[in-house]
Amino acid sequence: MSVTRRYREAWEGFWREAPGEAGEVFWDADPRVTAALHLAYFEPHLTDAELALVDLGCGNGTQTRYLADRFPRVLGVDLAAAALDHARHADPAGLAAYRLLDAAEKGAAETLHAELGDANVYMRGVLHQCEPADRQPLVDAIAALVGTRGRAFLVEPSEAAGLVLGALAQSPDGPPPKLAPILRHGIAPGDVADDAVPEYLRTAGLTILSYGELPLTTTEFTPDGTRIKLPSQWFVATRAM
Ligand SMILES: C[S@@+](CC[C@H](N)C(=O)[O-])C[C@H]1O[C@@H](n2cnc3c(N)ncnc32)[C@H](O)[C@@H]1O
């Protein structure tokens, strides 16, 4: 049984209060500096781009819509109904489909896999902002969704990002405006150890095909006007080996 109830409430509260305009949420950067960079590393590993693509923990769907422009069948899933309200509102043409799903819930990913078949999976910034006990179940969900033909792209702020965020949270003038709501809602970011992520993947039966580091561009600036970028690590994984 998933232990995400507290997190679900935190996320619901966060997304209910989040502004709908682009770029108002801390991590909600333009896909041209986000998913586009990830696809450059993900696409060469896809064996079948016609498979459904699941954006796991899609939030307000900014990256999902970008993915839906490039892949024929995209499904954004999220724990928070309020996140999906934003995602649907921002996608009046219905480029992607959206669904409420706690991916850490036992059997949820298997049920979705039975419906979609093997799927490609994109997951950005979910593990470091969920209940620690849900991290392995979330990665197990990726393994269930990809089956033998799908591939997964996973990107998470790295350990060093936690230090950057901690310093911002403690700054004498208070945290930057877009970081403040995250802290207020108790969605503590950034305490996944760098070594833990490949370990979750291996435990889930996934093989890492490729990995690397990239700056995670945020929508926030330091007082001197520098855009805040967090270090992040990414992985492409498969079950088919
Ligand atoms: C930091 S946000 C990232 C959103 C999006 N991936 C992006 O890059 O803009 C993390 C999202 O993961 C969702 N999430 C957390 N735990 C989840 C779970 N167990 N199942 C599905 N979604 C989850 C949260 O509701 C939240 O919208």
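Residues numbered from 1 in each chain as written. Predicted model: local features only at pLDDT ≥ 70, side-chain atom pairs only at ≥ 80, totals over all residues. Heavy atoms only, no water.

(A) Just the overall build of the chain, in detail. Check the secondary structure of the chain and you find 9 helices and 7 strands. For 241 residues, the compact-globule estimate of 2.2 N^0.38 gives 18 Å, and the C-alpha radius of gyration of the chain, at 17 Å, lies within 12% of that figure. Overall, the C-alpha framework of the chain stretches about 50 × 40 × 35 Å when taken along its three principal axes. Residues counted as buried form 56% of the 241 residues belonging to the chain. Long-range pairs, those at least 24 residues apart, make up 72% of the contacts in the chain between residues at least 6 apart in sequence. In the form shown here, the chain has an accessible surface area of approximately 10,700 Å², with 54% of it arising from carbon and sulfur atoms. (Helix = DSSP H or I, 4+ residues; strand = E, 2+ residues; numbered from the N terminus. Rg over C-alpha atoms; globule rule 2.2 N^0.38 Å. Buried < 20%, exposed > 50% of the residue type's maximum accessible area, 1.4 Å probe, protein only. Contact = heavy atoms within 4.5 Å. Areas by Shrake-Rupley, 256 points an atom, 1.4 Å probe, with all protein chains shown as cover.)

(B) Summary view of the packing of helix H6 (residues 132–146) against helix H9 (residues 196–203). Where H6 contacts H9, the axes come no closer than 8 Å and their chain directions differ by 50 degrees. As judged from the angle between their axes, H6 and H9 are oblique. Regarding H6 and H9, the two cross each other, and that crossing is right-handed. Residues Arg135, Gln136 and Val139 of H6 lie in contact with H9, whose contacting residues are Tyr200, Leu201 and Thr203. Class assignment for the residues of the contact of H6 with H9 results in 3 nonpolar, 2 polar and 1 charged. (Axes fitted to C-alpha atoms, helices over the stretch in contact; angles between N-to-C directions. Parallel < 35°, antiparallel > 145°, perpendicular 65-115°, else oblique. Left-handed = near helix turned anticlockwise from the far one by under 90°. Nonpolar A, V, L, I, M, F, W, Y, C, P; charged D, E, K, R; others polar.)

(C) View of helix H4 (residues 81–89). All of the buried residues along H4 are Ala82, Ala83, Leu84, His86 and Ala87. Packing partners of the buried residues in H4 comprise helix H1 (5–17), helix H3 (62–70), strand S2 (74–78) and strand S3 (97–100).

(D) Focus on the packing of aromatic side chains. The tally for this structure, following the rule as stated, stands at 11 aromatic pairs. Centroid distance Phe14 to Trp15: 5.1 Å. Interplanar angle 80 degrees. Geometry classified as edge-to-face. Residue class for Phe14 comes out buried when judged on its relative accessible area of 4%. By relative accessible area, Trp15 is classed as buried at 3%. (Phe/Tyr/Trp six-rings, centres within 6.5 Å; stacked < 30°, edge-to-face > 60°.)

(E) Structural view of the packing of H1 against H4. Following both chains from N to C, one finds H1 and H4 inclined at 35 degrees, their axes separated by 7 Å at the closest point. Side by side, H1 and H4 meet where Glu12, Trp15 and Arg16 of the first sit next to Ala81, Ala82, Ala83 and His86 of the second. Here the residues of the contact of H1 with H4 are counted per class, giving 4 nonpolar, 1 polar and 2 charged.

(F) Geometry of the pattern of salt bridges. Counting across every chain of the model gives 9 salt bridges. Here Arg149 makes a salt bridge to Asp118, at a shortest N to O gap of 3.9 Å. In this pair, Arg149 sits in the loop between H6 and strand S5 (152–157) while Asp118 sits in the loop between helix H5 (108–116) and strand S4 (119–124), placing the two residues 31 residues apart along the sequence. Of the residues examined, Arg149 reaches a relative accessible area of 41% and is grouped as partly exposed. Under the relative-accessibility criterion, Asp118 is labelled buried at 11%. For Glu199, the salt bridge identified is with Arg202, shortest N-O distance 3.5 Å. Of the two residues, Glu199 and Arg202 are both situated in helix H9; the distance of 3 residues between them amounts to about one turn of the helix. A relative accessible area of 42% means that Glu199 is categorised as partly exposed. Salt bridges sharing partners connect three or more residues here, namely Asp48, Asp118 and Arg149. (Salt bridge = Lys/Arg side-chain N within 4 Å of Asp/Glu carboxyl O.)

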